[in-house]
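The chain contents come next:
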Amino acid sequence: MMASVRTRRAQCGWPKLGIFAAVPALLLAGCGAEPEAATPEPRPVRTVTVEKREAGTPITLTGRIEADDEAVLGFRISGRVLENSVSRGQRVVAGQVLVRLESQNEMNALRVAQAGLATAQAQLTQARNHYERQETLLGQGWTTRAIYDQAEKARRTAEQAVEAAEAELKAAHDLVGFTELKADALGTVTDAGPGAGEVVQAGQAIVRLARKDGRDAVFDVPANVLRTVPSDPEISVFLTEAPAVTAMGRVREVAPQADPVMRTFEVKVGLTDPPEAMRLGATVTGRVTMASGAMIEIPASALTRSEQQPAVWIVDPETRTVSMRNVDVLRFEPATVTISQGLDTGEVVVTAGVQALHPGQEVRLLGSTP
C-alpha cells in the first residue's frame, strides 16, 4: 500500500515542480529590457535652393493727372457775387476777369475819397498862397516871425492832409478793384465756385486755376515702395483706359508726411510733353523698374518669425536637419520676398511645412528618398 502511495506522489509531484519551475522563467522574460522606441520618420518638406537673380521687377501704381502749378483764387473782401462767367475746363489769359462782386459800396467810398482829396488840395492851395504872402511880408519887414511860422505850419499841415487824402483815394480804388477776380496767369479753370447772388467771404475759394500747361501725374505710394525706388527714376505714365497714350516723367515732389489715414506718401511726377488726351483729372497708371542688381528672392511661404524678426528654416544638406536663421527683408511682394541679408547662394530653404518644424529636426525633401 505504501508503495502505491509513493507511486501516486511521484506521479503527481513532478508536474507541480515543472509548473513552479516555469514561473521564474516567465518572470525573467517579463522583467527583461524594454524594446527600443521607434525612430520618428523624417518630416517631408518642400524646399528651394537660394540663387541670385537680376532684379528688374516693375512697380505699377494708379494715379491721376493734376496741374503742376495750381492756384486757388478768392476775393480779398466780402460781398455778393454779381457775375460768374467761368466754367470748368475754360482756358483763360492773364488779367481776364473771372468773377465780379456788387460794387455799389466800394464805388461810393471811392467818390467820397475823391471829394476828400479835392478838398485837401484846395486847402493846400490856400495855405501855400498865404505862406508865400507871409514870406514876402517878412522879408519886407511888414509882418512878424510868429505870423510867418503859423503860415508855414498851416502849409505843412495842408500838404500832409493831401497825402492822407491821396492814400485814402488809392485804398478806395483798390477796394473797387477787389470786386473783380482776375486770372493771374494763363491757365485752365479746374473748379468754379459760387454763382451770381451768393454771398462770399474774404479769402473764400472761388476759382481753382491750373496755371500754364504743365501737368503732373500724382500717385499715393506706400512707404516700402518709396524706400526701394532708385533715385531720380524715369517713370512711364499712360492712360488707364487708353494704354497707347503715354508720357515720360520724373519725380518732382514727394510729400514730407504720410497721409494720416492711408499711410501713403503723395508723389508728383512731372510729365515731359504730355499729350492733349492726358486731361486734368484723368486716371493714369505709372510704371517704374526697380534698381538693377543681383538679389535673392524666395517664396513668401518660406518666411516665418523668430524673436520678433523675419526668419527662415535652413536645411543642412549632409545631415538633412533644419535650423532657423533670421533674415533682413528688403521688399515684400504678394508671392515672393526679397532678402537683403541672411542668405547665401546655394543654401536650401524650406518653403512648405515651416510651421511644424523645430531646430535639429530631420526632414525629407519631397521628391527624394528618405
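Owing to the predicted nature of the structure, the values given are computational and were not obtained by experimental measurement. (Residues numbered from 1 in each chain as written. Predicted model: local features only at pLDDT ≥ 70, side-chain atom pairs only at ≥ 80, totals over all residues. Heavy atoms only, no water.)

Chemist: Please explain the overall build of the protein as it appears in this structure.
Modeler: When its secondary structure is counted, the protein shows four helices and 24 strands. Here the protein holds 370 residues, and the buried ones make up 30% of them. For the protein, the share of sequence-separated contacts (at least 6 apart) that also reach a separation of at least 24 residues comes to 73%. Just so you have it, the protein exposes about 23100 Å², and 53% of that area is on carbon and sulfur atoms. (Helix = DSSP H or I, 4+ residues; strand = E, 2+ residues; numbered from the N terminus. Buried < 20%, exposed > 50% of the residue type's maximum accessible area, 1.4 Å probe, protein only. Contact = heavy atoms within 4.5 Å. Areas by Shrake-Rupley, 256 points an atom, 1.4 Å probe, with all protein chains shown as cover.)

Chemist: In this structure, what is going on with the packing of aromatic side chains? I would like to understand it.
Modeler: Any pair of aromatic rings gets described here by the distance separating the centres and the angle formed by the planes. Applying the stated criterion across every chain, the model contains one aromatic pair. Ring plane angle 35° and centroid distance 5.5 Å describe the contact between tyrosine 131 and tyrosine 148, whose orientation is recorded as tilted. Of this pair, tyrosine 131 sits in helix α2 (residues 104–140) while tyrosine 148 is found in helix α3 (residues 145–177), placing the two residues 17 residues apart along the sequence. Tyrosine 131 gets classed as buried once you look at its relative accessible area, which sits at 11%. (Phe/Tyr/Trp six-rings, centres within 6.5 Å; stacked < 30°, edge-to-face > 60°.)

Chemist: Please clarify how the sheet that holds strand β10 (residues 199–200) should be interpreted in this entry.
Modeler: Backbone hydrogen bonds are what pair the strands of a sheet, in a parallel or an antiparallel way. Read across the sheet, four strands follow the order β8-β7-β5-β10 without closing on themselves; strand pairing throughout is antiparallel. Edge positions in the sheet fall to β8 (180–182) and β10, since each has one partner strand and no second. Both strand β5 (residues 79–84) and strand β7 (residues 97–101) contribute to a ladder of three bridges, which runs antiparallel. Looking across to β7, one finds that glutamate 83 is bridged to arginine 100. (Pairing = 2+ DSSP bridges.)

Chemist: Honestly, the side chain of lysine 268 in this entry has me stumped. Any pointers?
Modeler: If you trace the backbone, lysine 268 turns up in strand β15 (residues 264–272). Of the side chains with opposite charge, glutamate 253 lies nearest to the buried lysine 268, which makes no salt bridge, at 4.3 Å. The contacts of lysine 268, once residues within four sequence positions are left out, are Asp216, Ala217, Val218, Arg250, Val251, Arg252 and Glu253. (Lys, Arg positive; Asp, Glu negative; His and termini not counted. Salt bridge = Lys/Arg side-chain N within 4 Å of Asp/Glu carboxyl O.)

Chemist: I keep staring at α3 and nothing clicks. Help me out?
Modeler: Residue pairs spaced three or four apart in an α-helix point in one direction, given the helix's 3.6 residues per turn. For α3, spanning 33 residues, the distance from its first C-alpha to its last is 48 Å, which sits close to the expected 48 Å at 1.5 Å a residue. Taken as a whole, α3 has its buried residues at Tyr148, Ala151, Glu152, Arg155, Ala158, Val162, Ala165, Leu169, Ala172 and Val176. For α3, the secondary structure elements touched by its buried residues are α2 and β8. (Expected span 1.5 Å × (residues − 1).)

Chemist: Before we go on, may I ask you to explain the pattern of salt bridges in this structure?
Modeler: Opposite charge on two side chains permits pairing when their charged atoms draw close. Scanning the model with the defined rule gives 17 salt bridges in all. For arginine 100, the salt bridge is made with glutamate 180, and the minimal N-O distance between the two is 3.3 Å. Taken together, the residues arginine 100 in strand β7 and glutamate 180 in strand β8 connect sequence positions 80 residues apart. By sharing partners, the salt bridges in this structure join Arg64, Glu66, Asp220 and Glu266 into a single network.

Chemist: Would you take a moment to explain the sheet that holds strand β12 (residues 215–222) for this structure?
Modeler: Around the barrel, six strands lie side by side as β3-β12-β15-β14-β13-β16; this closed barrel has antiparallel pairing. Neighbouring strand axes in the sheet, compared pairwise and without regard to direction, differ in orientation by 40° on average. Note that β12 and β15 share seven bridges and pair antiparallel. Each bridged residue has a counterpart across the sheet, and for aspartate 216 the counterpart in β15 is glycine 270. (Axes fitted to C-alpha atoms, helices over the stretch in contact; angles between N-to-C directions.)

Chemist: Can you help me understand the packing of α2 against α3 in this one?
Modeler: Between two packed helices, what matters for the description is the angle formed by their axes and the separation of those axes. One way to put it is that α2 packs onto α3 with a least axis distance of 7 Å and a crossing angle of 160°. Here α2 is positioned roughly antiparallel relative to α3, judged by the angle of their axes. For the pair α2 and α3, the sense of crossing is left-handed. Split by residue class, the contact of α2 with α3 holds 22 nonpolar, seven polar and nine charged. (Parallel < 35°, antiparallel > 145°, perpendicular 65-115°, else oblique. Left-handed = near helix turned anticlockwise from the far one by under 90°. Nonpolar A, V, L, I, M, F, W, Y, C, P; charged D, E, K, R; others polar.)

Chemist: What should I look at first to understand the pairing of strand β19 (residues 309–315) in this one?
Modeler: Regular strands show a simple pattern: their side chains alternate between the two faces of the sheet. For β19, the tally of buried residues reaches six of seven residues, placing the bulk of the element in the interior. As paired elements, strand β18 (residues 304–306) and β19 share three bridges and run antiparallel to each other. Directly across from threonine 304, in β19, lies its bridge partner alanine 311. Hairpin connection, β18 to β19: the antiparallel pair is bridged by two residues, and glutamate 307 has positive phi, about 55°. With five bridges connecting them, β19 and strand β20 (residues 322–326) associate as antiparallel partners. Residue pairing in the sheet places alanine 311 in a bridge with asparagine 326 of β20. In the sheet, β19 pairs with strand β23 (residues 348–352) via two bridges, with the strands oriented antiparallel. The partner of valine 315 across the bridge, within β23, is valine 348.

Chemist: Sorry, what's going on with the environment of phenylalanine 219 here?
Modeler: One can find phenylalanine 219 in strand β12. We classify phenylalanine 219 as buried; its relative accessible area is 4%. Along the primary structure phenylalanine 219 and valine 267 are separated by 48 residues, whereas in three dimensions their C-alpha atoms are 5.3 Å apart. Look past the residues within four positions of phenylalanine 219 in its chain and what remains in contact with it is Leu61, Thr62, Gly63, Val237, Phe265, Glu266, Val267, Val269, Val284, Thr285 and Gly286.

Coordinates in, geometry out; function isn't part of it.
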